[in-house]
Amino acid sequence: MTANTVTRQHFNQYFVPVYDPAQFIPDHGKGSRLWDTTGREYVDFAGGIAVSALGHAHPAMVEALKNQAEKLWHLSNAYTNEQVIKLAKKLVDNTFADLVFFANSGAEANEAALKLARKVGSSINPSKTEIISFTKSFHGRTLFTVSAGGQPKYSAAFAPLPAGIHHATYNDIESVKALINDNTCGVIIEPIQGEGGIIPACPEFLKQLRELCDKHNAALIFDEVQSGMGRTGKLYEYMNTGVTPDILTTAKSLGGGFPIGAMLANEKYGKQLVVGDHGTTYGGNPLACAVANAVFDIVNDEKLLAGVIERHEHFVKKINELNATYPIFQEIRGKGMLIGCALKPEYAGRSKEIVNLAAAEGLMCLVAGPDVIRFAPSLIIEFADIDEGMNRLAKALANFK
Ligand SMILES: *Cc1c(COP(=O)(O)O)cnc(C)c1O
């Protein structure tokens, strides 16, 4: 196999078959447009699953990466570096958090959060180790995080699973009351369920969850891996809800496409992991943090965040127009540049079919489960790209029978 004979078939030949990628092979991108290896052009409404916050090849990110690439790539945790300190300060200065732990992914950030909740809980009382999560939630693929996740199809094959994890029903406070007690060390929740179908939590539910955590001295953990970093029109979605967690996890858009994750914590929790308790080789890597600093400086801006809301309104208007011609969606959900279109019951199970039809028309979009089409594009996608993507989606829907 030489470089110019790489085909999609090679994927099937060489890979552990855990993915089923699109038939085309993306080659390069600019903003919210992307070209495949045959030169075909696509509009990108997927954003690498809510990762490419500034689109592809944003000049500020490219420059940050190039500059850092010529200075210093890696150190290990025996040393710190300027980029990671700058990023930690930005996250602390602009959120509830007092302390930050850096990792390489969302799952690792959640793993740290759950371990922290366990450590704090068991230091209060040896049986204070129970974790409450929610049905349909998604928290990553390590064994602990996939067990916390509320989709048994992702964890069942890997039993025995870590014990002491219970699943309440999302947006149902009575189901939490039935599970929570003084042995609960933490409650982990996505303020908007992403993989579960773009389902926002009710503010009143989150408020009551906060009160229950306070009553039982349990950590409230917000998994903002998907909803964070400007995606919902605020830096973090908790700022929209009026509820402040003890621990928050962030990844995906944090690096705009360069792998990085972080756990943010208030002082009460953050101080309780001490030297040697937890760690990772690459967390806080200078390359990742240089890019994340560039992303942060652009995203943490009133004008950009207001633009996310404007784009949301434009998207929803366009989807409603489309739905008037091709009435397949029963509900449009989500916030900012995280939008879910739920299929009517008669089209249940067919979201992937629509994504494939869209790809054939030159549009990249996503599913969020079998019944929901998801859009998670760049936060700064051009309005003209939104319109062109919608034109292509219209063509795709014309072929959806
Ligand atoms: C994507 C996602 C994760 C996992 O992140 P990885 O970087 O894939 O490990 C965790 N939680 C939520 C809410 C996510 O959307």
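It should be noted that the structure appears before, not after, this text.
Residues numbered from 1 in each chain as written. Predicted model: local features only at pLDDT ≥ 70, side-chain atom pairs only at ≥ 80, totals over all residues. Heavy atoms only, no water.

Moving on, we come to the sheet that holds strand S17 (residues 372-375). What the 4 strands build is an open sheet, ordered S13-S14-S17-S16; its pairing is antiparallel. Of all strands in the sheet, those bounded by a partner on one side alone are strand S13 (329-335) and strand S16 (366-367). Inspection of the sheet shows strand S14 (residues 338-343) paired to S17 by 4 bridges, in the antiparallel sense. Its bridge partner being in S17, Ala342 is matched across the sheet by Val372. (Pairing = 2+ DSSP bridges. Helix = DSSP H or I, 4+ residues; strand = E, 2+ residues; numbered from the N terminus.)

Here S17 shows two buried faces, one formed by Val372 and Arg374 and the other by Ile373 and Phe375. Both S16 and S17 contribute to a ladder of 2 bridges, which runs antiparallel. Bridge pairing in S17 places Val367 opposite Ile373. In sequence, S16 turns back onto S17 through a hairpin of 4 residues, with Gly369 there showing a positive phi of about 85°. (Buried < 20%, exposed > 50% of the residue type's maximum accessible area, 1.4 Å probe, protein only.)

Our focus in this paragraph is the site of the ligand. Surveying the vicinity of the ligand reveals the residues Ser105, Gly106, Ala107, Asn110, Phe138, His139, Gly140, Glu190, Asp223, Val225, Gln226 and Lys252. Note that an oxygen atom of the ligand is positioned 2.8 Å from one of the backbone N or O atoms of Gly106. Per-element tally for the shell around the ligand: the top contributor is helix H5 (residues 106-124), with 3 residues. Within the shell around the ligand, the residues separate by chemical class into 3 nonpolar, 6 polar and 3 charged. (Near = heavy atom within 4 Å. Polar contact = N/O pair within 3.5 Å; in protein donor to acceptor, adjacent residues only side chain to side chain. Nonpolar A, V, L, I, M, F, W, Y, C, P; charged D, E, K, R; others polar.)

Quick look at helix H13 (residues 351-360) now. Along an α-helix, residues three or four apart share an orientation, since each turn contains 3.6 residues. Those residues of H13 that sit buried are Ser351, Ile354, Val355, Ala358 and Ala359. One face of H13 carries all of its buried residues, which in axial projection span an arc of 140°. (Arc of directions from axis to C-beta.)

It is worth spelling out the state of the cysteines at this point. Counted according to the given criterion, the structure contains 0 disulfides. Here Cys185 stays unpaired: no disulfide links it, and the sulfur of Cys213, its closest cysteine neighbor, is 10 Å away. (Disulfide = S-S within 2.5 Å.)

We now examine the pattern of salt bridges. According to the stated counting rule, one finds 19 salt bridges in the structure shown. Salt-bridge contacts for Glu41 lead to Arg33; the nearest nitrogen and oxygen are separated by 2.5 Å. The salt bridge partner of Lys318 is Glu321, with a shortest N-O separation of 3.9 Å. Of this pair, Lys318 and Glu321 are both found in helix H12 (residues 302-325), 3 residues apart, which corresponds to roughly one turn of the helix. Overall, Glu321 belongs to the partly exposed group, its relative accessible area being 40%. One continuous salt-bridge network, built from bridges that share partners, spans Arg33, Glu41, Asp385, Glu388 and Arg392. (Salt bridge = Lys/Arg side-chain N within 4 Å of Asp/Glu carboxyl O.)

Considering all chains together, one arrives at 11 aromatic pairs under this definition. On the basis of an interplanar angle of 80° and a centroid distance of 6.1 Å, the ring pair of Phe134 and Tyr170 is categorised as edge-to-face. A residue pair is termed long-range when its members are at least 10 positions apart, and Phe134 in strand S5 (residues 130-134) and Tyr170 in the loop between strand S6 (165-168) and helix H7 (173-177) qualify at 36 residues. The residues Phe134 and Tyr170 share a single accessibility class, namely buried. A connected cluster of aromatic rings, assembled from ring pairs, spans Phe45, Phe315 and Phe375. (Phe/Tyr/Trp six-rings, centres within 6.5 Å; stacked < 30°, edge-to-face > 60°.)

On to the packing of helix H4 (residues 82-93) against helix H11 (residues 286-299), then. Interhelical geometry of H4 versus H11 gives an angle of 35° and a closest axis separation of 8 Å. Helix-helix and strand crossings are classified by hand; for H4 and H11 the assignment is left-handed. Contacts from Gln83, Val84, Lys86, Leu87, Lys90 and Leu91 in H4 reach Pro286, Cys289, Ala290, Ala292, Asn293, Phe296 and Asp297 in H11. (Axes fitted to C-alpha atoms, helices over the stretch in contact; angles between N-to-C directions. Left-handed = near helix turned anticlockwise from the far one by under 90°. Contact = heavy atoms within 4.5 Å.)

Position of Asp44 among the secondary structure elements: in strand S3 (residues 41-44). Here Asp44 sits buried without a salt bridge, and the closest side chain of opposite charge, Arg231, lies 9.4 Å off (N-O distance). At 2.7 Å, the side chain of Asp44 forms a polar contact with the side chain of His56. (Lys, Arg positive; Asp, Glu negative; His and termini not counted.)

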